[in-house]
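Examination of the molecular architecture
Each chain, written out:
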Amino acid sequence: MHKELRSHIISFLHAGIRLDGRKLTEYRKPIEVEQGVVKTAEGSARVKIGETDVMVGVKLEVGEPYPDTPDEGTIIVGAELLPLSNPEFELGPPGIQAIELARVVDRGIRESKALDFRKLCIEPGKKIWMVIIDICPINDAGNLFDASSLAALAALQDAKYPAFDGEKVDYKEKTDKRLELEKTPIAVTVIKIGDKFIVDPDVEEEKVIDARLTVSSMEDGTLCAMQKGGDFPLTIEDIDKMLDIGIEKAKELRKHL
Amino acid sequence: MSKIIVQDKSIAVPGETLAVGMDMLPGSGTYREGESIKANRLGLAVIDGRTIKLIPLSGRYIPKTGDTIICKVIDVSFSGWRLDTNSAYSAMMSMKDATSEFIARGANLTQYYDLGDYVMCKIVNVTSQKLVDVTMKGPGLRKLRGGRVIEVDPNKVPRIIGKQGSMVIMIKDATKCNISVGQNGLVWIDGEPLNELLAIQAMRKIERESHLSGLTDKIKDFLEKNGVHRTNV
Amino acid sequence: MPYNERIDGRKFDETREIEAKVGVIARADGSAMFKIGNTWAYAAVYGPRNLHPKFLQDPQKGILRCNYNMMPFSSSGERVRPGGSRRSKEISLVTGKALLPVLNLDEYPNSVVDVFIELPQTEAGSRCAGICAASMALADAGLEMKDLVCAVSFGKVDGSLLVDLDYSEESYKDGPVADIPIAMMPNSGKITLLQMDGEIRKEELMELIEKAKKVMADIYEVQKKALKEKYHEVEI
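Not measured: the values here are computed from a predicted model. (Residues numbered from 1 in each chain as written. Chains lettered and ligands numbered in written order. Predicted model: local features only at pLDDT ≥ 70, side-chain atom pairs only at ≥ 80, totals over all residues.)

1. So, the overall build of chain C
- Scanning chain C from terminus to terminus reveals 4 helices and 9 strands.
- Ordered by position in the sequence, the α and β elements of chain C form the string β-β-β-β-α-β-α-β-β-α-β-β-α.
- Its C-alpha radius of gyration of 18 Å places chain C within 12% of the 18 Å reference for a compact globule of 236 residues.
- Its C-alpha atoms put chain C at 55 × 45 × 30 Å along the principal axes.
- Looking at the 236 residues of chain C, the share that counts as buried comes to 55%. (Helix = DSSP H or I, 4+ residues; strand = E, 2+ residues; numbered from the N terminus. Rg over C-alpha atoms; globule rule 2.2 N^0.38 Å. Buried ≥ 20, exposed ≤ 12 C-beta atoms within 10 Å, placed from the backbone.)

Here it is, written out as structure tokens:
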């Protein structure tokens with residue numbers, strides 16, 4: 001469907017440039033991270049990468065632990081591709097695109113152990129904190145994966161516990177106690193088009209990708225989650241290069257936190 | 001004696017009173033209510049003698065007979081092609097309007113125009129129900145090969161084209177790009193990467209500053225100042 | 001004790017602080033943000049665009065579709081479950097009815113204009129904030145519109161007639177409360193949304209509606225300014 005666009009993009013990439021004038025592994029500018037934007041949430045953040053604009057809110061609820069992990073709290077990540085943010089999104093329950101987005105963000109946080117789930121336990125076997133992270137794009141101009149992951153982390157960093165008297169949560173009263181973030185896993189999605197690699201795709205580029213690899217890595221470069229997407233396979237050499245780009249770019253994004 | 005309330009070449013918003021009195025006349029984008037002339041949309045108020053009208057500054061394209069537009073093929077049937085016109089309405093192109101070649105019955109139409117192809121075509125008819133018919137027969141009408149298509153504000157297209165095409169010709173000359181501008185707000189462009197980017201920047205500048213006077217000179221300056229890549233071609 | 005001093009110190013006919021901005025969602029054909037106190041609404045307009053399924057089409061004119069949605073973290077209480085509720089469906093309906101009278105979609109038979117309203121943060125008056133944002137977004141989308149639509153809630157709290165109830169007033173426990181969201185075409189004074197729950201005398205309601213004209217005129221000025229700010233660079 002996008003034959004001509006794809007070959008045009010590739011001819012640009014061979015000249016070392018993107019359709020919007022960026023270098024191949026350059027993010028759009030400006031990158032903005034704003035925390036505490038939503039007062040009704042226990043924690044929130046809004047991330048803009050170029051024209052892409054994502055809001056994430058964290059709500060804290062008290063629930064029961066899973067039987068196999070009685071002394072651990074949990075996180076739940078939800079994403080809704082709001083039709084407000086993109087003419088192609090439709091109303092209705094989350095489709096597979098939204099589910100994948102939520103799960104990729106979830107994995108980055110969960111597997112990095114950014115949150116110590118044991119610290120979310122209130123009473124073993126009975127009461128735990130559930131950290132509910134909701135992703136809401138305001139304007140989808142491409143690369144929701146990286147923007148949402150960054151916003152989710154920033155929202156967690158911002159989150160404070162509401163008052164809890166052992167019976168009921170009083171959402172009107174926030175305590176000074178923060179969720180403790182032990183790590184800062186950053187997701188970078190590396191895209192392969194033809195034989196070139198780029199980051200931070202815009203809407204046009206997203207139409208013609210061959211493959212993508214979302215790489216979540218921590219401060220010391222340790223990987224904590226990955227997701228390959230796109231219709232084409234990757235060679236071992238491809239993956240080698242994409243991981244290097246992902247880890248390198250994560251350092252850059254982390255500075256915005 | 002009428003009183004003009006709005007300033008010439010200023011922005012008016014829906015419902016805003018532009019003038020009071022019966023000697024002023026409501027032009028396009030305005031309506032009369034009692035003594036008053038009011039804005040019927042968001043636009044740039046222009047006072048022309050006794051008439052006040054509003055020039056649209058936003059809004060999607062509406063197909064009009066005679067317009068030359070850029071469309072994407074979205075469906076191929078056995079009698080013709082359905083095209084996306086970048087508006088609320090798609091267009092039909094029948095076999096006889098598509099090419100002067102003879103097309104045998106049952107031929108594979110995708111060999112002429114395939115899904116996803118862009119074409120420059122002309123609207124020959126729009127019904128009251130907005131059924132749109134287009135043709136490929138006419139000067140400059142063709143399949144757009146290579147390059148890319150960008151979206152501009154359809155309301156700014158006349159400024160991007162310029163008087164007798166002067167603006168777009170200037171951009172083409174300065175950037176050595178092939179450019180075709182559709183009245184539906186799609187622009188096809190193909191050139192050397194840096195020059196193509198410069199041409200697009202120039203068009204974005206026109207979109208932003210479309211109502212300023214001396215636009216041609218500004219764009220000329222802009223192209224000269226930034227046109228360092230010409231020597232590379 | 002009668003409610004003769006507002007909890008947040010506002011005058012009886014004073015709204016909470018209002019902030020508005022147009023053109024906040026680049027991908028939309030028209031968009032706006034409207035914030036009143038702690039209630040915060042975004043609206044995006046897409047269209048006129050192709051309408052499917054076909055049986056929904058009107059061959060005489062374009063149709064308007066509105067969707068009101070609270071983001072999951074937008075309530076000061078528990079998380080709002082995503083997906084429409086009966087409440088949000090009803091608000092979507094009355095929002096559409098509130099906006100339609102100013103629009104002329106005759107030029108767009110068989111098509112649809114979609115309005116999506118999202119609330120990142122709410123604290124009373126969210127449907128009215130949504131309507132204010134949507135009306136600016138429709139103007140930004142360049143549609144034929146004879147007026148904007150302004151909306152704010154009015155009410156009676158323990159005997160006092162008030163403008164723009166906040167949460168503490170909506171949920172006031174020490175006396176009866178009436179909550180009356182109103183939308184108005186500010187230039188004609190005609191009303192396009194009127195709902196109420198609570199108790200009020202007819203004379204008091206009429207007094208509030210009379211008051212509404214002045215308040216709506218102030219909101220119209222804020223909307224006007226926001227619209228002009230987006231486009232001011234084209235002025236000479």
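2. Points about the sheet that holds strand β5 (residues 111-121) of chain C
Residue and element names in this part refer to chain C.
- With respect to topology, 5 strands assemble into an open sheet ordered β1-β2-β3-β5-β4, the strand pairing being mixed. Lying at the two open borders of the sheet, with one neighbouring strand each, are β1 (18-22) and β4 (63-70). Strand-to-strand, the axes of this sheet are offset by a mean angle of 15°, without reference to chain direction.
- Where strand β2 (residues 30-36) and strand β3 (residues 39-50) come together, 7 bridges link them in antiparallel fashion. Its bridge partner lying in β3, Ser31 is registered against Ala44.
- Here helix α1 (residues 86-99) sits on the sheet and contacts β4 and β5; the angle it forms with β4, its principal contact strand, is near 140°.
- Helix-sheet contacts for helix α4 (residues 202-231) involve β1 and β2, and the interaxial angle to β1 is about 35°. (Pairing = 2+ DSSP bridges. Axes fitted to C-alpha atoms, helices over the stretch in contact; angles between N-to-C directions. Contact = placed C-beta atoms within 7 Å.)

3. A closer look at the interface of chain C and chain B
- If you look at the interface, chain C gives 34 residues, while chain B gives 27 residues.
- Those elements giving two or more residues to the side of chain C that touches chain B turn out to be β3, α2 (126-140) and α4 of chain C.
- Residue composition of the side of chain C that touches chain B, by class: 15 nonpolar, 8 polar and 11 charged. (Nonpolar A, V, L, I, M, F, W, Y, C, P; charged D, E, K, R; others polar.)

4. Overview of the sheet that holds strand β5 (residues 30-33) of chain B
Residues and elements named next belong to chain B.
- The antiparallel open sheet is built from 4 strands, whose spatial order is β1-β3-β6-β5. In this open sheet, the two strands that pair with only one neighbour each are β1 (3-4) and β5.
- In the sheet, strand β3 (residues 17-20) pairs with strand β6 (residues 36-39) via 3 bridges, with the strands oriented antiparallel. Bridge assignment links Val20 to a residue of β6, and that residue is Ser36.

5. So, the nonpolar core
- Residues Ala43 and Ala133 of chain C are the most contacted members of the largest nonpolar core, which totals 206 residues.
- What Ala133 of chain C contacts, discounting residues up to four positions off in sequence, is Ala32, Met33, Phe34, Ala41, Tyr42, Ala43 and Ile117 of chain C. (Core = buried A, V, L, I, M, F, W, Y, C linked by C-beta atoms within 7 Å.)

6. Things to note about the packing of α1 of chain C against α2 of chain C
All names here are of chain C.
- Contact pair α1 / α2: the axes reach a minimum separation of 10 Å and the direction vectors enclose 45°. In terms of their interaxial angle, α1 and α2 are classed as oblique. Between α1 and α2 lies a crossing of right-handed hand. Residues Ile91, Thr95, Ala98 and Leu99 of α1 lie in contact with α2, whose contacting residues are Arg127, Gly130, Ile131, Ala134, Ser135 and Leu138.
- When the residues that make up the contact of α1 with α2 are grouped by side-chain class, the tally is 6 nonpolar, 3 polar and 1 charged. (Parallel < 35°, antiparallel > 145°, perpendicular 65-115°, else oblique. Left-handed = near helix turned anticlockwise from the far one by under 90°.)

7. As for helix α2 (residues 96-112) of chain A
Residues and elements named next belong to chain A.
- If you check α2, its first and last C-alpha atoms are 24 Å apart, about what 17 residues at 1.5 Å a residue would give, namely 24 Å.
- On the buried face of α2, the contacting elements are β4 (74-79), β6 (127-139), α3 (144-158), β9 (186-193), β11 (211-217) and β12 (223-229).
- Positive backbone phi, approximately 60°, marks Lys113, located one or two places after α2. (Expected span 1.5 Å × (residues − 1).)

8. A look at the pairing of β12 of chain A
Residue and element names in this part refer to chain A.
- In this structure, β11 lies alongside β12, joined through 6 bridges in antiparallel fashion. Paired with Arg212 across the bridge in β12 is Gly229.
- Between the end of β11 and the start of β12, which pair antiparallel, lie 5 residues, with Gly221 showing a positive phi angle near 90°.

9. Here's the deal with the packing of helix α3 (residues 166-175) of chain B against helix α4 (residues 193-208) of chain B
Residue and element names in this part refer to chain B.
- Put simply, α3 and α4 touch, their axes get as near as 9 Å, and they point 155° apart. Taken together, the axes of α3 and α4 are roughly antiparallel relative to one another. Every pair of crossing elements has a handedness; the one defined by α3 and α4 is right-handed. Contacts from Met167, Ile171 and Thr175 in α3 reach Asn195, Leu198, Ala199, Ala202 and Ile206 in α4.

10. Thoughts on the interface of chain A and chain B
- Across the contact, 11 residues belong to chain A and 7 residues belong to chain B.
- Of the residues belonging to the side of chain A that touches chain B, the class tally is 6 nonpolar, 3 polar and 2 charged.

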